[in-house]
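# A look at the structure
So the chains spell out like this:
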Amino acid sequence: MDIHNLTAKDIKKLHIWLRALIQVLYFLFIPSVYTAAFAGVKYIFTQIGAGEKVAMTSFVTVLVVICIYTILFGRFFCGFACAFGTLGDGVHALYVWICKKMKKKPLQIADAWTEKLCYLKYIVLTLISILCFAGVYGKGKGTSPWDVFSMLHAGNFKLGGYLVGLVLLVLILVGMCFEERFFCRNFCPMGAVFSLLPVLPFFALHRDRENCIKGCKACTKKCPSNIGLPEDGSPKIEGDCFQCQKCIDTCPKGNIHTGVKGLRGNEFWFTILRAVILLILLLWLGV
């Protein structure tokens with residue numbers, strides 16, 4: 001197949017299928033990265049609260065490596081490799097498909113609410129950090145929805161004592177139906193960590209605003225985080241960009257690109273390269 005003879009619509013479909021393939025592979029074979037990285041966050045605050053030395057444990061190492069990767073490549077892990085993010089994409093896509101088959105308009109959370117809900121992830125991160133610092137987080141065993149998800153993914157259905165976590169997971173799944181990347185955008189504590197990182201400008205997405213069609217907001221409407229990308233020359237980096245690449249193909253003028261001249265950001269080789277680099281790092285870490 002000669003990629004140069006493909007239409008823009010064909011290339012867009014290939015981008016979608018490539019991302020879906022990478023997501024499924026990571027979901028099936030390396031689902032525990034999120035849990036391992038966040039375990040590193042909890043360990044650090046627990047040790048600090050206890051006045052103990054913070055050692056470079058396996059969890060902390062995973063956290064540090066994923067954070068460095070994110071600083072360099074942006075939140076590619078969130079958009080392509082996080083099992084919880086993939087679950088959200090799958091649930092939302094299934095809900096939209098069912099609504100389409102039933103010829104009903106999918107229900108959505110109002111924009112006025114989504115603009116406020118996105119700050120909850122920082123509250124969740126702060127609350128968990130305080131509980132770890134105080135040394136009482138362990139007493140809340142059974143309340144974590146991602147622990148329940150990890151157990152179910154591993155085929156462990158012995159959820160006795162995990163009722164609260166199970167209920168929270170169900171509520172999150174419902175939210176995933178009504179809002180794309182509901183958990184990632186609003187409640188993910190690791191998402192809060194990633195959004196605060198000083199992402200380098202090389203592979204962050206920007207847009208050539210001067211060449212945009214007047215009044216066009218196609219990229220923002222397609223974005224799961226509903227963000228407007230920074231203009232060329234702006235030092236601003238959007239911490240809530242999941243690097244899902246949807247905006248790049250959506251832009252009718254092709255104005256969206258990375259900070260590297262000539263690199264749009266959704267080239268097949270570049271997407272595969274980032275996925276492979278991440279895979280090599282995770283295999284090296286033994287995740």
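Residues numbered from 1 in each chain as written. Predicted model: local features only at pLDDT ≥ 70, side-chain atom pairs only at ≥ 80, totals over all residues. Heavy atoms only, no water.

### Here we look at unusual backbone geometry
Across residues other than glycine, the phi torsion is negative in most instances, and most of the peptide bonds are trans. Even without glycine at this site, arginine 181 takes up a positive phi of about 55°. One can find arginine 181 in the loop between helix H9 (163–178) and helix H10 (182–186). For glutamine 245, which is not a glycine, the phi torsion comes out positive at approximately 75°. Counting through the fold element by element, glutamine 245 comes out in the loop between helix H12 (218–222) and helix H13 (246–250). You can call glutamine 245 buried: its relative accessible area is 7%. (Helix = DSSP H or I, 4+ residues; strand = E, 2+ residues; numbered from the N terminus. Buried < 20%, exposed > 50% of the residue type's maximum accessible area, 1.4 Å probe, protein only.)

### Considerations on the UniProt feature "transmembrane region" (unreviewed entry) in the protein
As annotated in UniProt, the feature "transmembrane region" (unreviewed entry) corresponds to residues 20–45, 54–72, 78–98, 119–139, 159–178, 187–205 and 268–286 in the numbering used here. Secondary structure over residues 119–139 splits into 67% helix and 0% strand, and the C-alpha atoms at its two ends are 26 Å apart. Within the segment residues 268–286, helix and strand shares are 95% and 0% respectively, and the terminal C-alpha atoms sit 27 Å apart. (UniProt positions renumbered as here; feature names shortened; annotations may be inferred.)

### A look at the environment of glutamate 238
Here glutamate 238 lies in the loop between H12 and H13. Spatially, the C-alpha atoms of glutamate 238 and valine 260 are 16 Å apart, while their sequence positions differ by 22 residues. Apart from the residues within four sequence positions on either side, glutamate 238 is in contact with Ile227, Gly228 and Pro230. Within polar-contact distance, the side chain of glutamate 238 engages the side chain of lysine 236 at 3.2 Å. (Contact = heavy atoms within 4.5 Å. Polar contact = N/O pair within 3.5 Å; in protein donor to acceptor, adjacent residues only side chain to side chain.)

### Thoughts on the nonpolar core
Core analysis: the biggest nonpolar cluster contains 60 residues, and Phe77, Phe84 and Met190 have the highest contact counts within it. Per-element accounting of this core gives the leading share, seven residues, to helix H3 (residues 58–73). Contact partners of phenylalanine 84, with chain neighbours within four places excluded, come to Pro145, Trp146, Phe149, Leu169, Ile172, Met176 and Phe183. Leu205, Cys223, Cys241 and Cys247 belong to the second largest nonpolar core, which has 10 residues in total. (Core = buried A, V, L, I, M, F, W, Y, C linked by side-chain atoms within 4.5 Å.)

### A word on empty space enclosed by the protein
Counted by the stated rule, this structure contains five cavities of 30 Å³ or more. Quantified by volume, the largest cavity comes out at close to 120 Å³. In this structure, the largest cavity is lined by 14 residues; those nearest its centre are Ala204, Ile237, Glu238, Cys241 and Gln243. Class assignment of the residues belonging to the lining of the largest cavity gives a composition of seven nonpolar, four polar and three charged. As a volume, the second largest cavity reaches approximately 100 Å³. Elements represented by at least two residues in the lining of the second largest cavity include exactly H12 and H13. Partitioning the lining of the second largest cavity into residue classes produces 10 nonpolar, four polar and two charged. (1 Å grid on protein atoms, 1.4 Å probe; cavity = no way out; pocket = protein on both sides within 12 Å on 5 of 7 lines; lining within 4 Å. Points joined across faces, edges and corners; volume = space filled by probe spheres on them. Nonpolar A, V, L, I, M, F, W, Y, C, P; charged D, E, K, R; others polar.)

### Looking at the side chain of histidine 92
Looking at the element boundaries, histidine 92 is found in helix H5 (residues 83–101). Separated by 3.2 Å, the side chain of histidine 92 and the backbone oxygen of methionine 176 make a polar contact. Contacts of histidine 92, omitting those with residues within four sequence positions, involve Met176, Cys177, Phe178, Glu179 and Glu180.

### Some thoughts on the layout of surface pockets
Its volume calculated, the largest pocket comes out at about 1,300 Å³. Taken together, 40 residues form the lining of the largest pocket, with His92, Glu180, Lys222, Pro224 and Lys246 sitting closest to its centre. Breaking the lining of the largest pocket down by element, the ones donating at least two residues are helix H1 (8–29), H5, helix H6 (111–117), H9, H12 and H13. Partitioned by chemical class, the residues of the lining of the largest pocket number 16 nonpolar, 11 polar and 13 charged. Taken as a whole, the second largest pocket encloses approximately 360 Å³ of empty space. In terms of lining, the second largest pocket is formed by 16 residues, of which the most central are Val124, Thr143, Pro145, Trp146 and Leu168. Elements with a contribution of two residues or more to the lining of the second largest pocket: helix H7 (120–133), helix H8 (145–153), H9 and H10. Of the residues forming the lining of the second largest pocket, the biggest block, four residues, is contributed by H7. Among the residues making up the lining of the second largest pocket, the classes are represented as 13 nonpolar, three polar and no charged.

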